[in-house]
Amino acid sequence: MSDQAELLPGTLDLLILKAVSLGKLHGYGVLLRIEQISGGALQIQQGALYPALYRLEHQGLIESDWGVSENNRRAKYYRLTASGRRRLGEETASWNRLADAIARSLAATPQEL
Amino acid sequence: MAERPLWRRWVHVFRRDPKSEVDDELRHHYEQRVADYVARGLDPESAHRAAVERLGDLTRVRNECASLLSGERRIHERRMRLSVSWLDIKLGVRMLVKYPGLSVVSVLGMAVAIAISAGYFAGYGAILDPALPLDDGDRVVGLHPGVSQSGSDSEVSVHDYVAWRDAMSTVRELGAFRSQRRNLITADGRTELIEVAAITASGFRVARVSPALGRPLLEEDERAGAAPVLVIAHEEWQRVFDGDPDILGQTVRLGETVRTVVGVMPEGFRFPVNHRYWVPLVLNAAIAQPSDGPALHVFGRLADGVTLERARAELATIGARMAAAFPATHEHFRPIVLPYAHLYRGYSALEAEPTIRAVRLALSLLLVIVALNVAILVYARTATRTGEIAVRSALGASRRRVVAQLFVEALVLSVAASAIGLTLAGIALRLMTDWIQRGGEMPFWIDLELRPGTILYVALLAIIAAAIVGVLPALKATGKRLQQGLQQFSSRGSAMQLGRTWSALIVLQVAGAVAALPAAILFAEETIWLGIRAPSPAAHGLLQSTLVMHREEIIDAADSTAEPAFRARFADRAAELIRRIEEQPEVAGITFADDFPGRESNATIEVEPDVAPAADTIGQRGPVFVEIRTSRVATNLFDVFRIPILAGRKFGPADTRAGATAIIVSATLAERIAGGASVLGRHIRYAERGENTQAGPWLEVGGVVPDFANDFTLNDDVVPRLFHAAAAGESHPATLIVRMRGGEAAPLATRLRNLAATVDPTLTLEDVETVIGAWQRDQQATGALGLMIVAVMLSVLLLSAAGIYALMSFTVARRRREIGIRSALGAEPHRIIMSVFARAGAQIGAGVLAGITLVAVLWALDGGRLEDEWVLLPGVAALMIIVGLLAALGPARRGLAVQPTEALREE
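Here goes a summary of the coordinates provided. Please read all numbers here as calculations on a predicted model, not as lab measurements.

## Regarding the packing of aromatic side chains
Point 1. Evaluated as defined, the whole model comprises 19 aromatic pairs over all chains.
Point 2. Centroid distance Phe271(B) to Phe444(B): 6.4 Å. Interplanar angle 65°. Geometry classified as edge-to-face. Of this pair, Phe271(B) sits in the loop between β7 (257–265) and β8 (277–280) while Phe444(B) sits in the loop between α14 (399–438) and α15 (452–477); the two residues are 173 residues apart in sequence, bridging distant segments of the chain. Per residue, the accessibility class of Phe271(B) equals that of Phe444(B), and both read buried.
Point 3. Arranged with centres 6.4 Å apart and planes meeting at 85°, the rings of Phe299(B) and Tyr340(B) form a pair that is edge-to-face. Taken together, the positions of Phe299(B) in strand β9 (residues 297–302) and Tyr340(B) in helix α11 (residues 340–343) put the pair 41 residues apart, joining distant regions of the chain.
Point 4. Overall, the relative accessible area of 0% leaves Phe299(B) in the buried class.
Point 5. Residue class for Tyr340(B) comes out buried when judged on its relative accessible area of 3%.
Point 6. Against the face of Tyr77(A) rests Lys24(A), its NZ or CZ located 5.3 Å from the ring centre.

Pasting the structure below:
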């Protein structure tokens, strides 16, 4: 089995928000950033990335404008909006609570019952 | 979503098609991926294959993204449309502040026009389309005789009222009333003059209001011989009777009759017009011949399910039947059912209604003219903004968008003007209400306030004005020349032109001003002169009032002794009252006349001196033909008024006898009759002007007095006057004038009224006021009118000047380069100035000429009566030229200041 993890449904949006919260990125950059910050553990389905970006922009959580990339090509850059930042905070807290609960549940031993 | 900088919103609009944008983004992704794979050591071919594989179902991704992107854009555009309207308002306010001169001129000009339109709308709206504040008020109707029978509008004879009441089925509770003035004499002896409604019991059922205390009037009260009763208003109960809880059953004297109070109506009840006292209408059916008896106002309520038209049809049928039955009195009789509030306006008002509505429309057109002027100014300003408009259009703003923005900017102007205009109209209406209420109260349904209808009307005017002011220039500015605008944007010039339309407008406006200003100036001068004139010092301390004796019983026209008996009684009582007033310590003198000097109602009379043949009629213009006013005065009138006798003698007691021929004439009349020679002893006679030119008896001039009437009554014309001597009580009603020894007028007025009631309960002293008070009241009204005319005049001048200024500065801006080149080529400054002035001069000249022509046409139509206007015309023409040239001065100087090098560099 590889050390790559399956992405849970609904977590892609959270990861994109996190990635663009660290600085403005183009689509490909978002992909690389997620792989990078997850230590290569999370592989994003590229077919899912762009619809997710457009959806988040539609919801006003991120915004975009066209610029020039590092290799001098025209690229669309995304960055977090204020409401995106709020949503990221809420989702992160909620995720942490869930992860904590699941971790505690899974660590339970017969002695603790 | 976070606020974005303003420019980003605009940039959004001009983005490409969503699909191609998505393609670009995916292409970038793919290229990056391929580059990555190549960097990791794959050959380009394999890198390409791997990248495509990782992207997955490209068509699905592309479609999904494009659809999300277009959805986002749609929402954004909707949001932007909203936020842009708000932005337009902000821009409009910014423009208002940025061009203060233009804003002040436009706003003030439109404000004056809106104030006049709104005031007229509210004033006449309250009269034309009143709402009766009663339960189901729109079903209360009045029955109008159609033609005047009694000489008084909208009044009906007893006979007709009874006939209608018995025949009408479409109108229920048919009732009638008439107003009477009476002395109210309370138990403690206080006297007050009040307006009483003698009304049928059905009136209370038509109004659908029950008494707060006791009972309303009942049918039994109207029977001959029934105990006299009285119903009073809540306010009078509080004021006159101190809210006495035992008011019911108390008695008060109304004129000769002692009445028992049987009811108190609730607060605010004023039916039928503005009444606070109600007594039963007792009709003597025996005297109800077709045209006899007192005149009544008839009212009722439409029966259930009956329309106004059906009631009209029924009354018309009844009217036709009566016209056939009584051809002598009812031949032209066309009775009509009207909404109740319309009845009171009278038949003449009914006929004048189309005129009033036309005037209202014309006043709205006044705003259109003002708005057109403002449009010229705004057009000139818009011309300086062609660059901005061109850039916005190039960035993708549609013509509609740009026009909408300029419309909203104009709306900001017109809304500001409307706010000022409404405030002015509100103040004017309040002043008018005060003024009307001093002369008596208004009908209870008339409310001269700014009602929602008026505000709606002004809102409509504001939109129309904004459409003219904003849309016209915008359409021109966004027309086909826009392309040039963009090209010239960098050179700061303007491609817009002021076409013939605008020049014609300026010519028209100058013409209008030249034609209208002389008349307005004359009128304003007259009113201002009246407004600052002081009355004669002798007018101080004079108290004037009208002495009336009220007929308690309905006079039977068949009884030939009734009228002489009434006259004799009045003469006796008037003499007694005058004797008693003279005894009062505060009274220095008392006199009387049929009318107060200056307020005589008999207007035009012809005079013929004794050189004429002894014919019975005065038909042709004799050697002396003048319009005069005559009055019959007490022998001591000139003494009480402190008027010196210039020549001859005063009136003596003998001059009041029947057949006495001595008269006193005013200085102007003396001059007209005798030229410079002595008028004393000359004989004259006069006749009422009109068809009946039957000459009166020969009269002999006994004395001459100065033209004093205008020192006591606010009038502008000096009219020749002729005075007869009269005995007390000779004319009914009579004007009594008291000279006070000083002190307050109000307490004395109350005492005089009480005194009149003591002499005879039916004797009333009405409209008691000081001569100075009446003078000031008239002066206020005249002053307000004068102020309005001056305001309109100033706004016409202001707008003309502003229009010419705008035109000139616009021309200079357009000819900047040309002026620069000409001065570079060595043209002399005065030539350049002349060339700038030439256009202004041509337009003003054309306007002045057109104005003079207009006055000449009016003069010809009026048969040469506009002489005063002719005198003023050159002055006004000169004024317009000066205003126009002054307006052109600034732009001309700016033209001269153009540096040749600068102008050329701008190319």
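## Things to note about a nonpolar patch on the surface
Point 1. Taken together, the side chains of Leu8(A), Trp95(A), Leu98(A), Ile102(A) and Leu106(A) define a hydrophobic patch exposed on the protein surface, amounting to about 510 Å² of accessible area.
Point 2. Structurally, Leu8(A) can be placed in the segment before α1 (11–21).

## Thoughts on the sheet that holds strand β1 (residues 25–26) of chain A
Through backbone hydrogen bonds, the strands of a sheet pair up, either in parallel or in antiparallel fashion.
Residue and element names in this part refer to chain A.
Point 1. Spatially, β1-β3-β2 is the arrangement adopted by the three strands of the open sheet, whose pairing is antiparallel. Two strands lie at the open edges of the sheet, namely β1 and β2 (62–68), each paired on one side alone.
Point 2. Relative to strand β3 (residues 74–80), β2 runs antiparallel, the two sharing seven bridges. Bridge pairing in β3 links Ser64 to Tyr78.
Point 3. Against the sheet, α1 makes contact with β1, β2 and β3, and its axis sits at roughly 100° relative to β3, the strand it touches most.

## Focus: the packing of helix α18 (residues 562–582) of chain B against helix α21 (residues 745–759) of chain B
Residues and elements named next belong to chain B.
Point 1. For the pair α18 and α21, interaxial distance at closest approach is 10 Å and the crossing angle is 135°. Classified by the interaxial angle, the pair formed by α18 and α21 is oblique. Between α18 and α21 lies a crossing whose hand is right-handed. For the pair α18 and α21, the contacting residues are Arg573, Glu576, Leu577, Arg580 and Ile581 in the first and Leu752, Leu755, Ala756, Thr758 and Val759 in the second.

## Re the nonpolar core
Point 1. Ranked by internal contacts, the top residues of the largest apolar core, which has 39 residues, are Leu143(B), Trp164(B) and Ile232(B).
Point 2. At five residues, the largest contribution of residues to this core is made by helix α9 (residues 308–325) of chain B.
Point 3. The contact partners of Trp164(B), leaving out residues within four places of it in the chain, are Leu143(B), His144(B), Pro145(B), Val156(B), Leu174(B), Val298(B), Leu315(B), Ile318(B), Met322(B), Phe333(B) and Pro335(B).
Point 4. Counting residues in hydrophobic clusters, the runner-up holds 32 residues, among them Ile44(A), Ala52(A), Leu80(A) and Leu69(B).

The rules behind these values
- Residues numbered from 1 in each chain as written.
- Chains lettered and ligands numbered in written order.
- Predicted model: local features only at pLDDT ≥ 70, side-chain atom pairs only at ≥ 80, totals over all residues.
- Heavy atoms only, no water.
- Phe/Tyr/Trp six-rings, centres within 6.5 Å; stacked < 30°, edge-to-face > 60°.
- Helix = DSSP H or I, 4+ residues; strand = E, 2+ residues; numbered from the N terminus.
- Buried < 20%, exposed > 50% of the residue type's maximum accessible area, 1.4 Å probe, protein only.
- Lys NZ or Arg CZ within 6 Å of the ring centre and 35° of its normal.
- Patch = residues over 30% accessible without salt bridge, like charges linked within 9 Å, V, L, I, M, F, W, Y side chains within 5 Å.
- Areas by Shrake-Rupley, 256 points an atom, 1.4 Å probe, with all protein chains shown as cover.
- Salt bridge = Lys/Arg side-chain N within 4 Å of Asp/Glu carboxyl O.
- Pairing = 2+ DSSP bridges.
- Contact = heavy atoms within 4.5 Å.
- Axes fitted to C-alpha atoms, helices over the stretch in contact; angles between N-to-C directions.
- Parallel < 35°, antiparallel > 145°, perpendicular 65-115°, else oblique.
- Left-handed = near helix turned anticlockwise from the far one by under 90°.
- Core = buried A, V, L, I, M, F, W, Y, C linked by side-chain atoms within 4.5 Å.

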